[in-house]
Amino acid sequence: MKRGTKWFIGAILLLALLFGFWVWAVDSLFADMADTTYKYEETFPSPDGAYTVTVRRSDAVWSFGPVSVQVVGTSEAGEGSYRTEIHADGGQGSVEVSWPEENRAVVTLSGKEQQDEVITVTFGENGVRLTAVREEPPVTPAPTSAPVLTQVPDPAPMGMEVDVGDGEHTFWVEVVEQETWGLFEINIYCEKGDAQSFQTLEGYSEETLQQLSCYVEDMDFDGDMDFGVRISETPNGHAIYSYYIWDEESAQFISDPYGLNELFSLGPPELIPEEKTIRTYTRWGAGSVGEVHLYRYLEKGFTCVRQMSWNWHEDVQGADFLVENYEDGEMHTVYEETCSEESLGEYIWSEEFSNWYDPSYHGT
């Protein structure tokens, strides 16, 4: 056989082999997702246990391919599902589930080869609805001509009136973004329209000025009004504020003298004026683990006077409950109990543990 003929036959065989490999690859990649085998499954119940979100994942297609994902919402009214993929270079990626509301869950799918995909699962009387949004990076178009330089206007300030409530001090407060992203300036004027500010403070925000908001509240129960500026938001939807407290002695606002910014970084404070108490509520794992803190202003400053914690254990089908009170300068356990799922019924907390949520309750 001539050498040229051998080369021709070899080329034909190589092409046939490549074509066969291509057919197999296409068949593997675009097979019907209904035939997908989900090897990993995680379940996330709602805080009240009425609804469930289940996330199923398969192994990756090859060592570098995507992972098939199925998100299922289940309630008494029915079931809904959504199928997608996580592109994580052959890895499983990550899944985060939060419950901003009792009947709404947010599922975030992340992978190092993709933008986050956010799936909202809404439970209603007529069934379950799933909607998905993938965060796409902004695309900058190529310039078609020399750029035109324009004058960027100064950002418009966000303003509000703050009446301290002592009959003497009322201020106009403006929040202005700075040139450095995230930084803002708080200008406090004796009257709106004044050219010279009475006081200037600085802060940092993870949000734009359009997302910033302010509110006025007596945060330390001294009868004088303070104010807060929203600076961020937690993954479960809670707003985070930077606090500015009116100080009678210096007759000025002081930036966070009690460390409220850090204390309330995981959830918003709930003010209980009649008890002069601030309560915070934080939970993880769709409510299976969490803590409640009660704070009061004592002689030593802003002090945690009660800590409640709970922890559900799936392996033993029950939960541990613990309550500690601040007495004589330190925390003491005042209630501790382990309850079975059967004894709790449809409730996440035991009845006695729920009683301690009230600041005025001190045991039977």
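Residues numbered from 1 in each chain as written. Predicted model: local features only at pLDDT ≥ 70, side-chain atom pairs only at ≥ 80, totals over all residues. Heavy atoms only, no water.

**As for the overall build of the chain**
- The helix and strand inventory of the chain stands at four helices and 22 strands.
- Counting across all 364 residues of the chain, residues that qualify as buried make up 36%.
- Nonlocal contacts in the chain, meaning residues at least 24 apart in sequence, comprise 38% of its contacts between residues at least 6 apart.
- Entry remark: accessible area of the chain is about 21,900 Å², with carbon and sulfur atoms responsible for 51%. (Helix = DSSP H or I, 4+ residues; strand = E, 2+ residues; numbered from the N terminus. Buried < 20%, exposed > 50% of the residue type's maximum accessible area, 1.4 Å probe, protein only. Contact = heavy atoms within 4.5 Å. Areas by Shrake-Rupley, 256 points an atom, 1.4 Å probe, with all protein chains shown as cover.)

**Observations concerning unusual backbone geometry**
- The phi dihedral of Asp256 is positive, around 45°, even though this residue is not glycine.
- The topology assignment puts Asp256 in the loop between strand 16 (252-255) and helix 2 (260-263).
- The phi angle at Lys276 is positive, at roughly 50°, despite the residue not being glycine.
- Secondary-structure assignment places Lys276 in the loop between strand 17 (270-272) and strand 18 (277-284).
- When its relative accessible area of 49% is taken as the criterion, Lys276 is described as partly exposed.

**Quick look at the sheet that holds strand 13 (residues 214-217)**
- With antiparallel pairing, the four strands of this open sheet are ordered in space as 13-14-15-16. For this open sheet the edge positions go to strand 13 and strand 16, each flanked by a neighbour on one side alone. When the angles between neighbouring strand axes are averaged without regard to direction, this sheet yields 35°.
- Relative to strand 16, strand 15 (residues 239-247) runs antiparallel, the two sharing four bridges. Along strand 16, the bridge assignment pairs Asp247 with Gln252. (Pairing = 2+ DSSP bridges. Axes fitted to C-alpha atoms, helices over the stretch in contact; angles between N-to-C directions.)

**Some words on a negative patch on the surface**
- A contiguous patch of negative charge on the surface is contributed by Glu161, Asp163, Asp166, Glu168, Asp222 and Glu248.
- Its location among the elements puts Glu248 in the loop between strand 15 and strand 16. (Patch = residues over 30% accessible without salt bridge, like charges linked within 9 Å, V, L, I, M, F, W, Y side chains within 5 Å. Salt bridge = Lys/Arg side-chain N within 4 Å of Asp/Glu carboxyl O. Lys, Arg positive; Asp, Glu negative; His and termini not counted. Charge placed at Lys NZ, Arg CZ, Asp CG, Glu CD.)

**Considerations on the sheet that holds strand 10 (residues 170-177)**
- Ordered in space as 9-10-11-12, the four strands form an open sheet in which the pairing is antiparallel. One side of each edge strand has no neighbouring strand; the edge strands of this open sheet are strand 9 (158-163) and strand 12 (199-204). Between one strand axis and the next, the sheet turns by 25° as a mean value, whatever way the strands run.
- The pairing of strand 9 with strand 10 spans six bridges and is antiparallel. Bridge pairing links Glu161 to Trp172 in strand 10.

**Looking at the pattern of salt bridges**
- All told, the structure shown has six salt bridges when counted by the stated rule.
- Two residues, Arg56 and Glu41, come together in a salt bridge whose shortest N-O distance is 2.8 Å. In this pair, Arg56 is assigned in strand 2 (residues 52-60) and Glu41 in strand 1 (residues 40-45), connecting sequence segments 15 residues apart.
- Take Arg56: its relative accessible area is 24%, and that puts it in the partly exposed class.
- Residue Glu41 is classed as exposed on the basis of its relative accessible area of 52%.
- Of the charged contacts, one joins Glu101 and Arg104 as a salt bridge, the two residues approaching to 3.3 Å between their closest N and O atoms.

**Some points on the pairing of strand 2**
- Strand direction decides the pairing type here: strand 1 and strand 2, joined by six bridges, are antiparallel. In the sheet register, Pro45 faces strand 2, and the bridge partner there is Thr52.
- Between strand 1 and strand 2, which pair antiparallel in sequence order, lie six residues; one of them, Gly49, sits at a positive phi of approximately 80°.
- Across seven bridges, strand 2 lies against strand 3 (residues 67-75) in antiparallel orientation. Across the sheet, Val55 pairs through a bridge with Val71, a residue of strand 3.

**Considering the confidence of the model for the chain**
- The predicted model of the chain has a mean per-residue pLDDT of 78, with 76% of residues at 70 or higher.
- Here helix 1 (residues 3-29) stands out as the least confident element of the chain, with mean pLDDT 61; strand 16 is the most confident, with 94.
- Confidence drops under a pLDDT of 50 for residues 28-35, and excluding neighbours within four residues, the segment shows seven contacts in the predicted structure.
- Low pLDDT (under 50) marks residues 135-156, which in the prediction has eight contacts with non-local residues, meaning those over four places away or in another chain. (pLDDT = per-residue confidence, 0-100.)

**Side note on the environment of Ile254**
- By the secondary structure assignment, Ile254 is in strand 16.
- Note on Ile254: relative accessible area 33%, which makes it partly exposed.
- Each C-alpha atom, one on Ile254 and one on Tyr243, is 8.5 Å from the other, the two residues being eleven residues apart in sequence.
- Once residues within four sequence positions are removed from consideration, Ile254 is found in contact with Tyr243, Tyr244, Ile245 and Asp247.

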